[in-house]
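Results of the structural survey
Listed below, chain by chain, are the residues.
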Amino acid sequence: MNKLKLIPADKAAEFPYFPLTQEHRRFEQSVERARMLLSDLRQVINAELNQLINGMSLEVDINLCQGNSLDLWLKESGRLMMGCPIANEFDEHTYLAMDNISAHHLADICLGGEISQSLDPDSCIDLSATECRVAGRLLHRTTLAIQKRFNGNKSALPALRIEKMAAPASYIYLPFKVRVLLEKDALSWFLWLPSTMFVAPEEPEINRDKMPIMSSDEQWLGFPVKGRVEMASRSISLSLLNACMNGAVLPIEMSKEAVFKLDKQVLLKGRVVEQDNSLAFQVTKTKELTL
């Protein structure tokens, strides 16, 4: 019997790793694309900050980070976290988190003031509504600009403060570290963007393990299918449909021949008959079914 040996830690870094699940593979694709778009992200954030901050020269730096210790950082005192809902079918958000001192400085420079060099950290334990509003506006504007740049649409709702702070779910959100270099100071915060901004989600695949395997004609003949008998159909205008919803009567003509459909394909033709005080379908014409 062959025995398996563990790889020493100093040699493990030489071996590449491969994501195993579909979610991990999609996340890896979004990470690679996000790295390629870092320059575009920097330009977007730089443009929005120049509109929020007037009369100051600044330089933006953004990097994709691992996010392994962000949960611990968020649990420390003096943190602010904002969430901006995106109005799409996935109910996703973008998130921004910064320390209270950075939030205070951000509000100062956005409102036309100057950064205080002798700010007491104890005075920033509780942020004002204005400081939270400025941070939320920054996240909202950034989200709209990134959506327009990468997805061609803008569908974000106003940002709200998050009281119970926790790092967004891994393999769904990508964390970025944003640093803004001013003339004499620097501000920084974390920004989480959903991976769907960089790689579109795929349609769920059919679980082939659950598909039945037919080994004989008898099993195929017993395979359940869902069909419907259509006795009549009619195309109507929207005005007539609206009238029917208000109680109007829709006249239909019963054809002599009914059809039996699998999905949208007509398989059989026949007529509706009465049998044992109930309606039944009697086949009169058949059509070869292509499997």
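Calculation notes
Each chain carries its own residue numbering, running from 1 in the written order of its sequence. Thresholds applied to this predicted model are a pLDDT of at least 70 for local features of residues and 80 or more for the giving and counting of side-chain atom pairs; totals over whole chains, interfaces and linings are not thresholded and use all residues. Processing note: side-chain calculations cover all non-hydrogen atoms of the structure and skip hydrogens and water entirely. We count a stretch as a helix when DSSP gives it H or I for four or more residues in a row; a strand needs E for two or more, and each element gets its number in order from the N terminus. We call a residue buried when its accessible area falls under 20% of the maximum for its residue type, exposed when it is over 50%, and partly exposed in between, using a 1.4 Å probe and counting protein chains only. Residues are treated as being in contact if the distance between any of their heavy atoms lies within 4.5 Å. Only when DSSP finds a minimum of two bridges between them are two strands counted as paired. Lines fitted to C-alpha atoms define the axes here, with helix axes fitted over just the stretch in contact, and angles between the N-to-C directions of these axes take values from 0 to 180 degrees. Working definition: a ring pair exists when centres of Phe, Tyr or Trp rings (six-membered ring for Trp) sit within 6.5 Å. Plane angles under 30 degrees give stacked, over 60 give edge-to-face, the rest tilted. Throughout this description, a polar contact denotes any pair of N or O atoms lying within 3.5 Å of each other; where both atoms belong to protein, one of them has to be capable of donating a hydrogen while the other can accept it, and for residues adjacent in sequence the pair is counted only when both atoms sit in side chains. Should an angle fall under 35 degrees it is taken as roughly parallel, and over 145 as roughly antiparallel, whereas 65 to 115 is taken as roughly perpendicular and any remaining angle as oblique. Each crossing is labelled by how the near helix is turned from the far one, with a counterclockwise turn of less than a right angle marking it left-handed and a clockwise turn marking it right-handed. Throughout, nonpolar core names a set of buried Ala, Val, Leu, Ile, Met, Phe, Trp, Tyr and Cys residues whose side chains join them through atoms within 4.5 Å. A side-chain nitrogen of Lys or Arg and a carboxyl oxygen of Asp or Glu constitute a salt bridge if their distance falls within 4 Å. Like charges are joined within 9 Å and nonpolar side chains (Val, Leu, Ile, Met, Phe, Trp, Tyr) within 5 Å, but only among residues with over 30% relative accessible area and no salt bridge; these make up the patches. Here, Shrake-Rupley sampling with a 1.4 Å probe gives the accessible areas, and only protein chains in the shown set may cover a residue.

Here we come to the overall build of the protein. Within the protein, the regular secondary structure consists of 8 helices and 10 strands. Within the protein, the fraction of its 291 residues that count as buried is 30%. Partitioning the contacts of the protein with sequence separation of at least 6, the portion at a separation of at least 24 is 59%.

Once that is clear, we can look at the sheet that holds strand β8 (residues 258–262). Paired through their backbone hydrogen bonds, the strands of a sheet run either parallel or antiparallel. A sheet is described by the order of its strands in space; here 4 strands give the open sequence β7-β8-β9-β10, paired in antiparallel fashion. A strand with exactly one partner marks an edge of an open sheet, and here the two such strands are β7 (227–230) and β10 (278–286). The sheet shows a mean angle of 35 degrees between the axes of neighbouring strands, direction not considered. In this structure, β7 lies alongside β8, joined through 4 bridges in antiparallel fashion. Note on β8: the bridge partner recorded for Gly-227 is Leu-262.

Evaluated as defined, the whole model comprises 5 aromatic pairs. Plain terms: the ring middles of Trp-73 and Phe-190 are 5.0 Å apart, the flat faces sit at 70 degrees to each other, and that makes the pair edge-to-face. Placement of Trp-73 in helix α4 (residues 70–75) and of Phe-190 in strand β6 (residues 186–194) is noted, with a sequence separation of 117 residues between them. Of the two residues, Trp-73 and Phe-190, both sit in the buried class. Between Phe-176 and Phe-198, the ring centres sit 6.2 Å apart and the planes meet at 45 degrees, which makes this aromatic pair tilted. In this pair, Phe-176 sits in strand β5 (residues 173–181) while Phe-198 sits in the loop between β6 and α7 (217–221), placing the two residues 22 residues apart along the sequence.

The next subject is helix α5 (residues 100–110). Counting buried positions along α5 gives 9 out of 11 residues, so the element sits mostly inside the fold. Among all positions in α5, only Asn-100, Ser-102, Ala-103, His-104, His-105, Leu-106, Ala-107, Ile-109 and Cys-110 are buried. Its buried side turned inward, α5 meets α3 (38–52), β2 (79–85), β3 (93–99), α6 (129–150) and β6. A side-chain oxygen of the first residue of α5 lies 3.1 Å from the backbone nitrogen of Ile-101; this N-cap is Asp-99. Within two residues after α5, Gly-112 carries a phi angle of roughly 90 degrees, on the positive side.

Turning to the packing of α3 against α6, a few remarks are in order. Packed helices, taken two at a time, are described by the angle between their axes plus the distance between the axes. Axis separation between α3 and α6 bottoms out at 10 Å; the angle between their running directions is 135 degrees. Here α6 runs oblique to α3, going by the angle between their axes. For the pair α3 and α6, the crossing hand works out as right-handed. Residues Asp-40, Leu-41, Gln-43, Val-44, Ile-45, Glu-48, Leu-49, Gln-51 and Leu-52 of α3 form the contact with α6, whose own contacting residues are Arg-137, Leu-138, Arg-141, Thr-142, Ala-145, Ile-146, Arg-149 and Phe-150.

Counting residues in each nonpolar core, the largest one holds 47 residues, and the members touching the most others are Leu-49, Phe-176, Val-180, Trp-189 and Phe-198. When residues of this core are assigned to their parent elements, the largest contribution, 8 residues, is made by α6. In terms of nonpolar packing, the next biggest core, distinct from the first, is built from 9 residues, Met-81, Tyr-95, Tyr-173 and Phe-190 among them.

Turning our eyes to something else, we now look at the pattern of salt bridges. Going through the model one piece at a time under the given rule, you end up with 4 salt bridges. Between Arg-149 and Asp-40 there is a salt bridge; the shortest N-O distance is 3.4 Å. Here Asp-40 lies in helix α3 and Arg-149 lies in helix α6, a separation of 109 residues in the sequence. Ionic pairing is found between Glu-48 and Arg-141, a salt bridge with its closest N-O pair at 3.1 Å. Separated by 93 residues along the polypeptide, Glu-48 in helix α3 and Arg-141 in helix α6 bring together distant segments of the chain.

A separate point is the environment of Asn-68. On the secondary structure map, Asn-68 appears in the loop between β1 (59–64) and α4. Relative accessible area serves as the criterion here: at 70%, Asn-68 is assigned to the exposed category.

On to the pairing of β10, then. Sheet topology note: the strand β9 (residues 265–275)/β10 ladder contains 8 bridges and is antiparallel. Bridging across to β10, Lys-269 finds its partner in Lys-285. Here β9 folds back onto β10 in antiparallel fashion, the turn holding 2 residues, of which Asp-276 has a positive phi close to 55 degrees.

Take a nonpolar patch on the surface next. A cluster of nonpolar side chains, namely Ile-236, Leu-238, Leu-241, Met-245, Leu-250 and Ile-252, defines an oily patch on the protein surface of about 600 Å² accessible area. Note that Met-245 resides in helix α8 (residues 238–245).

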